[in-house]
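Understanding the architecture of this molecule
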Amino acid sequence: MRLIASCLAAIVFSALPLRAATPPAPIAAGEELLLQGPDAGRHGGRLVVALRAEPRTLNPAVAIDAVSREVIGRMGGDLIHINRQTQLTEPALASGWTRSKDGREYTLTLRKGVRFSDGHPFDADDVLFTFRVMQDERLGSSNRELLIVGGKPVDVKKVGQYSVRVSLAQPYAAAERIFDSIAILPRHLLERAYADGTLQNRWTPATTPSSIAGLGPYRLKEYVAGQRLVLERNPYYWKADSGKKRLPYIDELVFLFTGNEDAQVIRFQNGESDVLGRAGADNFNLLVKDQNARRFQLADLGPSLEYNFLFFNLNDLSRKNLPQVAARQRWFTDLNFRRAVSRAIDREGIARLVYRGRGVPLWGNVSPGNRLWQNTLLPHPPRSVAEARAILKTAGYSWRGDGALLDRQAQRVEFTIATSATSAQRTEMATLIQADLKELGMDVRVVPIEFRALLERVFESFDYDASVFGLGGGDADPNGEMNVWMSSGSNHLWHLGQSSPATPWEAEIDRLMQQQLVALDARERKRLYDRVQTIIAEQQPFIFLATPNVLVGARSDLANFRPSVLDPYTLWNVDQLYFRPQGTSGGR
Amino acid sequence: MTRAKAIIGALVGLHALILLAGFASPYDPTTQTRTMPFAPPARVHVFDADGRFHVTPFVYALVSDASGAIYSEDTSARFPVRLLTHGAPYTLFPGVTSDIHFFGVDAPGRIALFGTDGYGRDVFSRVLYGARVSVTAGLLATLCALLVGTALGTLAGFCDGIVDRIVMRAADVFMAVPWLYLLFAVRAALPLHLDTRAAFLMLVAVLGIVGWARPSRLVRGIVLSAKERAYVQAAEGFGAPPLYILRRHVVPQTYGVILTQAGLLIPQFILAEVTLSFLGLGVGEPEASLGSMLGTLQQYHVLASYWWMFAPAVALVTVATAYHALTSLGHEHARLVAS
């Protein structure tokens, strides 16, 4: 088996053309480098990463899918960056910034002497161009929503060649965070395309490498459709280590396209890839048990920021022709019904069986992985079928001789949980819930359907009873959750398309979320968001289930591997990774 | 002849086991034991940990380590295997319920002969119940296909002319239908909350309806040749009415073909049911079918770590092999009779 694996690996690697790597450019006079970390690594090597799919585009302005963004993230630089380990902002292309007293104006000082990966110098005009593109409605950039504050787009003005001023319509908490991951575009390469209106079609993976440039640690070298995408060192990258050795250390970054998580894990297990982005608990346990485990450094980083939940269809169905779903909504809209369901669910069982113990039960939307924002005072009532039955009884429900639950109109309580057929874990959660609710006399059916069909039902037709979804996992800050909790939000899953809040508690959440958005004092924001968490836990529009741990791995000789619970989990510090010379001891 | 007896005996035994799944299995197939996911098959001992011999076979309770992934036997208490014990209630036949199981052990011991699945459900019980669903689907779909196929084939062969042409062209069309995609389309058009029984009947109906074409062609051929036989023409000459000729002289000629077709179609339809359930189109959780059980093997970690999850595949191969052996037995018998 091992022999076959190594032969396969040999074939894969021999297929990659071997050419001399581009050396880092010498440091120019007046070049304002960002010096990072005490660890002095060494240049050289090639890092192979298996991706689930092919990136659709390398254009930061139009990329939506996670895979494209994962690759683009390695090729682009942002002004202010969120350190994935401290979860705090830190200088990047902006070497510093000041905030005006009213909290509405930020002045950013740009790094001097920085060059794009094609050698062209970077200045304030590139920043202005980038924001113009990202805010253009015609392009529909996924960053656009982030750059609207108080209902108005943020305004960016040039102050000098290396200085810009950003004005907001209203004070905005954590405004620095909006700059994270917005890759600055090279005006000299894209301005004409933008004027022509062809920008959205530029920079596909098949584009000639020389016509793509960015400010990230890597630049495009080669793309083979269906197989791989190779990035090489950006020789002009603006970061260096403490010994003034220019980063990144590793010469080339190879992304292989594999298809799914299992294939990713198999490649990693066989040594065909060096980093495992994020694994499920089952596959992770498999690697832990692998007798060759010494070749890997595996890390269980604890709870992720993602939350998985069961939710019922509380949408307004008056304009839809769905009498059956509407009839069942009289249970779903009943708070006592949702509370009873929540009380009967075995969250510990979900964490143990679905995540094989590598996950934690949840009672609120903020996971314990988000230490800064979690409301630790939320109650964690243990599972109690007796309590759940008592809640149902006081709400007027009764039981038939055979144990079936009947509502006040003597109707049998039965409903369907639709899940995505491609997510084995969420279907497993639904199957566990099905068994839990059977103890209450509810007849629950689990229907795995194709993912897009599920989205169509949840977001468009509203033809479903209940579903299990997962959200979160992006930023730790509550602003990233605005579109979930605001009653008008695009991810306000249980009741979409509200023109005004449907219930008093949704109105209160709207108010609190707006207040925390403009409050500049961190403690005040925390107090407001704690209250939001309390209301959600009381009203149970989502019945929270569990969150998986972030499980990652890398080759054991990969140094500086410091995975984080924030996305991108492993490659956020790709510029600092390097391969330890053979024979030296490992350990992080 | 001993081979024939062995094959028929094996088939009868298998079907009895499947039919009496409730009695033969020690546990309810849907009951989850959440402390024991993916527990390996129970070892039945006659020697205890100290090397002492016991007449009654027994099992030890399994305990898992802190990670919950590795199980070991707790040798402090023995759980002897008991025959005809009381356990979870089940329905043997509609209207007949019981709680007596062929074998079992006292709680908290567990005897999972084929281990447990990811929810801690007993795989042995699930294989029996799952085989009941899959085999029943195969049998009913075969019955459906043969009834429709024989009726239309006889009609086409006997009436010839325009009727023959319409039926046979329809058979061509049905044989060309990509039925897997047809089923996907049918399932998508149906409401989400299809209960288990309805899903099962839909499966049977689609398999039967799509499968009538081949037997109908064969039956038509036999009927066409039978019509030309001298004794049929003689009966016609004596003024026998067509229905009488059909019943008395023509249809009996087709029995051999129909039986051979049944032997071929049953395992084929069982496999078709398994394919559909594997793809999530069959009976839903928590009910078992061989296909939905095999579906969990699509996950790499199950495939690589838990060999006992292949049990439904073994059951499937056993049933299909027994049917194929029966068909070849029929062929040999026919050849003997002919010579």
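In this text the structure is predicted, and so the values were computed from the model without any measurement. (Residues numbered from 1 in each chain as written. Chains lettered and ligands numbered in written order. Predicted model: local features only at pLDDT ≥ 70, side-chain atom pairs only at ≥ 80, totals over all residues.)

**Considerations on the overall build of chain A**
On a plain count of helices and strands, chain A comes out with 15 helices and 26 strands. Radius of gyration (C-alpha) of chain A: 26 Å, near the 25 Å computed for a compact globule of 588 residues. Considering only contacts within chain A whose residues lie at least 6 apart along the sequence, 70% involve residues at least 24 apart. (Helix = DSSP H or I, 4+ residues; strand = E, 2+ residues; numbered from the N terminus. Rg over C-alpha atoms; globule rule 2.2 N^0.38 Å. Contact = placed C-beta atoms within 7 Å.)

**Some remarks on the overall build of chain B**
Of the regular secondary structure elements, chain B holds 12 helices and 5 strands. When the backbone C-alpha atoms are referred to their principal axes, chain B occupies close to 85 × 50 × 40 Å. Counting the 339 residues in chain B, one finds 37% classified as buried. Taking the intrachain contacts of chain B between residues at least 6 apart in sequence as the baseline, contacts between residues at least 24 apart amount to 69%. (Buried ≥ 20, exposed ≤ 12 C-beta atoms within 10 Å, placed from the backbone.)

**What about the sheet that holds strand β9 (residues 155-160) of chain A?**
Residue and element names in this part refer to chain A. Spatial strand order, β5-β6-β10-β9: 4 strands in an open sheet with antiparallel pairing. Each of the sheet's edge strands pairs with one partner strand only, and the pair in question is β5 (94-99) and β9. For this sheet, the mean inter-axis angle between neighbouring strands, taken without regard to orientation, is 25 degrees. Relative to strand β10 (residues 163-167), strand β6 (residues 105-110) runs antiparallel, the two being bridged by 5 bridges. What sits directly across from T109, in β10, is S163. Its contacts with the sheet place helix α3 (residues 124-134) against β6, β9 and β10, and it is angled at close to 170 degrees to β9. (Pairing = 2+ DSSP bridges. Axes fitted to C-alpha atoms, helices over the stretch in contact; angles between N-to-C directions.)

**Notes on the interface of chain A and chain B**
Counting residues at the interface gives 26 residues for chain A and 20 residues for chain B. Sorting the residues of the side of chain A that touches chain B by element identifies α5 (261-269), α6 (281-289), α9 (347-353), β21 (414-420), α11 (424-438) and β22 (443-449) of chain A as the ones contributing at least two each. Ranked by the residues each element gives to the side of chain A that touches chain B, the list is headed by α11(A), at 5 residues. The residue inventory of the side of chain A that touches chain B, partitioned by class, reads 12 nonpolar, 7 polar and 7 charged. (Nonpolar A, V, L, I, M, F, W, Y, C, P; charged D, E, K, R; others polar.)

**As for the domain arrangement of chain A**
Residue and element names in this part refer to chain A. Looking at chain A, the domain boundaries give domain 1 (2-277 + 570-579) and domain 2 (306-548). Using C-alpha coordinates to define each centre, domain 1 is positioned 36 Å away from domain 2. Domain 1 puts 8 residues into the contact, and the matching count from domain 2 is 11 residues. Residues belonging to the side of domain 1 that touches domain 2 are distributed by class as follows: 4 nonpolar, 3 polar and 1 charged. (Domains from an automatic or database assignment.)

**Focus: the packing of helix α8 (residues 335-344) of chain A against helix α10 (residues 385-394) of chain A**
Residues and elements named next belong to chain A. As a packed pair, α8 and α10 sit with axes 8 Å apart at the nearest point and diverge in direction by 170 degrees. As far as their axial angle goes, α10 and α8 are roughly antiparallel. Every residue of α10 that contacts α8 at N336, R339, A340, R343 and A344 is listed here: V385, E387, A388, I391 and L392. The residue inventory of the contact of α8 with α10, partitioned by class, reads 6 nonpolar, 1 polar and 3 charged. (Parallel < 35°, antiparallel > 145°, perpendicular 65-115°, else oblique.)

**Notes on the sheet that holds strand β2 (residues 53-64) of chain B**
Residues and elements named next belong to chain B. Pairing in this open sheet of 3 strands is antiparallel, and the strands run β1-β2-β3 from one edge to the other. If you trace the sheet from one side to the other, it starts and ends with β1 (45-47) and β3 (71-80), each paired once. Across the sheet, the mean angle from the axis of one strand to that of its neighbour is 50 degrees, orientation sign disregarded.

**What about unusual backbone geometry?**
The omega torsion across D567(A) and P568(A) is 0 degrees, close enough to zero to call that bond cis. In this structure, P568(A) sits in the loop between β25 (558-559) and β26 (578-579). Backbone torsion omega between A107(B) and P108(B) reads 5 degrees, so that peptide bond is classified as cis. Note that P108(B) resides in the loop between β5 (96-104) and α3 (123-159). Even without glycine at this site, W203(A) takes up a positive phi of about 60 degrees. With respect to the helices, strands and loops of the structure, W203(A) is situated in the loop between α4 (187-196) and β11 (218-224). By C-beta crowding, W203(A) is classed as buried, having 26 other C-beta atoms within 10 Å. Even without being glycine, Q540(A) reaches a positive phi, approximately 50 degrees.

**Things to note about the nonpolar core**
Residues V49(A), L79(A), L253(A), F311(A), I433(A), L545(A) and L577(A) are the most contacted members of the largest nonpolar core, which totals 152 residues. Ranked by the residues each element gives to this core, the list is headed by strand β24 (residues 542-555) of chain A, at 9 residues. Composition of this core by domain shows at least three residues from each of domain 1 (2-277 + 570-579) and domain 2 (306-548) of chain A. Each residue touching L79(A), except ones within four places of it in the same chain, is listed here: A92(A), L93(A), A94(A), L108(A), V127(A), F179(A) and I184(A). Counting 63 residues, the second-largest nonpolar core is a separate cluster that includes V123(B), A131(B), V167(B) and A288(B). (Core = buried A, V, L, I, M, F, W, Y, C linked by C-beta atoms within 7 Å.)

**Some details on the pairing of strand β14 (residues 252-257) of chain A**
All names here are of chain A. Pairing between strand β2 (residues 46-51) and β14: 6 bridges, direction parallel. Bridging across to β14, L51 finds its partner in F257. Bridge count for strand β12 (residues 228-233) against β14 is 5 bridges, and the pairing is antiparallel. Within β14, the position partnered with L231 by the bridge is L253.

**Side note on the domain arrangement of chain B**
Split into domains, chain B comes out as domain 1 (42-111) and domain 2 (128-338). Computed over C-alpha atoms only, the centres of domain 1 of chain B and domain 2 of chain B are separated by 40 Å.

**Focus: the packing of α3(B) against helix α7 (residues 213-227) of chain B**
All names here are of chain B. Between α3 and α7, the least distance of the axes is 7 Å, while the angle of their chain directions is 35 degrees. The hand of the α3/α7 crossing is right-handed. Of α7, the residues touching α3 (which contributes A145, L146, G149, T150, L152, G153, T154, A156, G157 and F158) are P215, S216, R217, L218, V219, R220, V223, L224 and K227. (Left-handed = near helix turned anticlockwise from the far one by under 90°.)

**A few points about α5(A)**
For α5(A), the full list of buried residues reads E261(A), Q264(A), V265(A), R267(A), F268(A) and Q269(A). Packed against the buried residues of α5(A) are β2, β14, β15 (275-276), α6 and β24 of chain A together with α11 (300-305) of chain B. Two residues or fewer past α5(A), G271(A) is found with a positive phi of approximately 80 degrees.

**Let's talk about helix α7 (residues 323-332) of chain A**
All names here are of chain A. Taken residue by residue, α7 has V325, R328 and W331 as its buried positions. Seen from one end, α7 has its buried residues packed into an arc of 85 degrees, which puts them on one side. Looking at α7, the residues exposed on the side facing more than 90 degrees away from the buried face are P323 and A327. Contact partners of the buried residues in α7: α8 and β21. (Arc of directions from axis to C-beta.)

**Quick look at the environment of L79(A)**
By secondary structure assignment, the location of L79(A) is in the loop between α2 (66-75) and β3 (80-82). Between the C-alpha atoms of L79(A) and A28(A), which are 51 residues apart in sequence, the distance is 21 Å.

**Some details on the environment of C144(B)**
Residue and element names in this part refer to chain B. Summarising the element assignment, C144 is placed in helix α3. Expressed as a C-alpha distance, the spacing of C144 and G237, which sit 93 residues apart in the sequence, is 36 Å. The contact partners of C144, leaving out residues within four places of it in the chain, are V204 and G208.

**Description of the environment of E481(A)**
As for its placement among the helices and strands, E481(A) is situated in the loop between β23 (466-472) and α13 (482-485). Measuring from C-alpha to C-alpha, the distance between E481(A) and M513(A) comes to 9.2 Å, with 32 residues separating the pair along the chain.

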